[in-house]
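The primary structure of each chain is shown beneath.
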Amino acid sequence: MKNIERWLKNGLIDENLAQILCADLKKEAERKQKLTMQVVLYTIGVILLGTGVITFVAGNDWLLKLLKSVPVLQILILFICAAASLLGGWKLGYETKKFPRLGNALIFLSTLLIGACYIQIGQTYNWSTNTAEILLLWFLSIFPLAFLFKSKSINWLSIILFVTAFPYFYYEWRYDTAEVWTIFMPFSLFGILYTFANIPAIKEKFNEFSMSYKLVAILPLFFTLLILIFSVESSYNMVNSHYIIVPIAITVFSFINYYFEKNHDYLIKLETAFVVLTMFLLETMLLLPAVNEIAIIITAHLFIIFIIAMGLYRGYKYENVSLINLSNFFLLIYILSVYCRYGWSFMDKTLFFLIGGIGLVSLGIFLEKDKNKRLKTTKEEQE
């Protein structure tokens, strides 16, 4: 509406066209509101349906006695429900296309029922229900569906399953030292997810999926680097094939992605170099019997600054406001962490609070002016 008023004021459109555009925008807003309500209703509805199926199988005494006499029937009922939900969702959303949102909701329900099938198999055959194997099987079963149906909800569920299964594998196999959780796990998760997100086919055909992998990859790495700024062990020294193979494989696949990338622009080169350097830092800390604490702290600072700079660069280049806000959030956390870490110890407390307050207000004013300037430039270019 504000753009239309500005266009009308500048004489770019007449009053009649402005009224038509306003009416069209109003209809579009109402349509989006209705679609949002439909999605909410369908989502809550299918979750209740799934819960009802599971409680029906597990909560009826007469059925439970029958199923216990033939344990495979319980698994078969869940499997049939999952298959029926998947088939029904495909029919409604993609074959007839009469109810696309209900179809997507039913497909998502099928992914939850698939997980229930694996959990039930574990309970029936005394297979632990809290293992990486079940999570991995669940992940492998639904992961292709996210790409087949281009479903954001299934994609996020698959990410959650992978991020949960990967560290649990090391816990289950008793590779659960402190170094695994503080160093190896976040660095490895970053490398795997970011490398997968940079596969040319993923970026080209599933760009939204690619960005979700990168977002999930950056978060643990950023906060792990913050930890390294304040706490570095003199030696991590985990010479084990399980820990060395992963960063080497990530490095190799990063170069393969770069080789098959059609457009070797500046951003692609920087991202590839960053992933490789991150894996090199991980291997250095794992292989060397002793690490230089100052060198690691300086490197962690540089990596954090690079993450923030790249986020701002990508956000402004592709006009992604969410990415700009996230990068500014990272910048704020980083500045506050460093300032509190060093300022509290070496400054007068009154001066500490005054300088901190003035600095944050100044930074906020600068970021707001910069954001408004860039958005104004973008609008002028569009006009």
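Just above sits the structure.
A few points on the structure. Note that the coordinates shown come from a computational prediction; the quantities given were computed from them, not determined experimentally.

So, how was this worked out
Residues numbered from 1 in each chain as written. Predicted model: local features only at pLDDT ≥ 70, side-chain atom pairs only at ≥ 80, totals over all residues. Heavy atoms only, no water. Axes fitted to C-alpha atoms, helices over the stretch in contact; angles between N-to-C directions. Helix = DSSP H or I, 4+ residues; strand = E, 2+ residues; numbered from the N terminus. Parallel < 35°, antiparallel > 145°, perpendicular 65-115°, else oblique. Left-handed = near helix turned anticlockwise from the far one by under 90°. Contact = heavy atoms within 4.5 Å. Nonpolar A, V, L, I, M, F, W, Y, C, P; charged D, E, K, R; others polar. 1 Å grid on protein atoms, 1.4 Å probe; cavity = no way out; pocket = protein on both sides within 12 Å on 5 of 7 lines; lining within 4 Å. Points joined across faces, edges and corners; volume = space filled by probe spheres on them. Salt bridge = Lys/Arg side-chain N within 4 Å of Asp/Glu carboxyl O.

A word on the packing of helix 10 (residues 207–230) against helix 13 (residues 293–317)
With their axes 9 Å apart at the nearest point, helix 10 and helix 13 run at an angle of 150 degrees to one another. Taken together, the axis directions place helix 10 and helix 13 in an arrangement best described as roughly antiparallel. Between helix 10 and helix 13 lies a crossing of left-handed hand. Across the interface between the two elements, Met-211, Lys-214, Ile-218, Leu-221, Phe-222, Leu-225, Leu-226, Leu-228 and Ile-229 of helix 10 pack against Ile-296, Ile-297, Ala-300, His-301, Phe-303, Ile-304, Ile-307, Ile-308 and Arg-314 of helix 13. Per-class residue counts for the contact of helix 10 with helix 13 are 15 nonpolar, one polar and two charged.

Some remarks on empty space enclosed by the protein
Here the idea is plain: a probe the size of a water molecule rolls over the atoms and shows the empty space left. In total, this model carries one cavity of 30 Å³ or more according to the counting rule given. Tyr-194, Thr-195, Asn-198, Lys-203, Ser-254, Asn-257, Tyr-258, Glu-261, Ile-268, Glu-271, Thr-272 and Val-275 together form the lining of the largest cavity. Listing elements by their share of the lining of the largest cavity, those giving two or more residues are helix 8 (178–197), helix 11 (241–260) and helix 12 (266–287). The biggest single contributor to the lining of the largest cavity is helix 12, with four residues. Grouping the amino acids of the lining of the largest cavity by side-chain chemistry returns four nonpolar, five polar and three charged.

Considerations on the pattern of salt bridges
Here the structure, examined in full by the defined rule, presents five salt bridges. Glu-95 is paired through a salt bridge with Lys-91; the nearest N and O atoms lie 3.0 Å apart. Of this pair, Glu-95 and Lys-91 both sit in helix 4 (residues 71–95), four residues apart, which is roughly one turn of that helix. The residue Arg-314 makes a salt bridge to Glu-271 at a minimum N-O spacing of 2.4 Å.

Brief notes about the packing of helix 5 (residues 100–124) against helix 6 (residues 132–148)
Closest axis-to-axis distance for the helix 5/helix 6 pair is 10 Å, and the angle between their directions is 155 degrees. It follows that helix 5 is roughly antiparallel to helix 6 by the angle criterion. Helix-helix and strand crossings are classified by hand; for helix 5 and helix 6 the assignment is right-handed. Residues Thr-111, Leu-112, Ile-114, Gly-115, Tyr-118 and Ile-119 of helix 5 form the contact with helix 6, whose own contacting residues are Ile-134, Leu-137, Trp-138, Ser-141, Ile-142 and Leu-145. Here the contact of helix 5 with helix 6 is composed, by residue class, of nine nonpolar, three polar and no charged.

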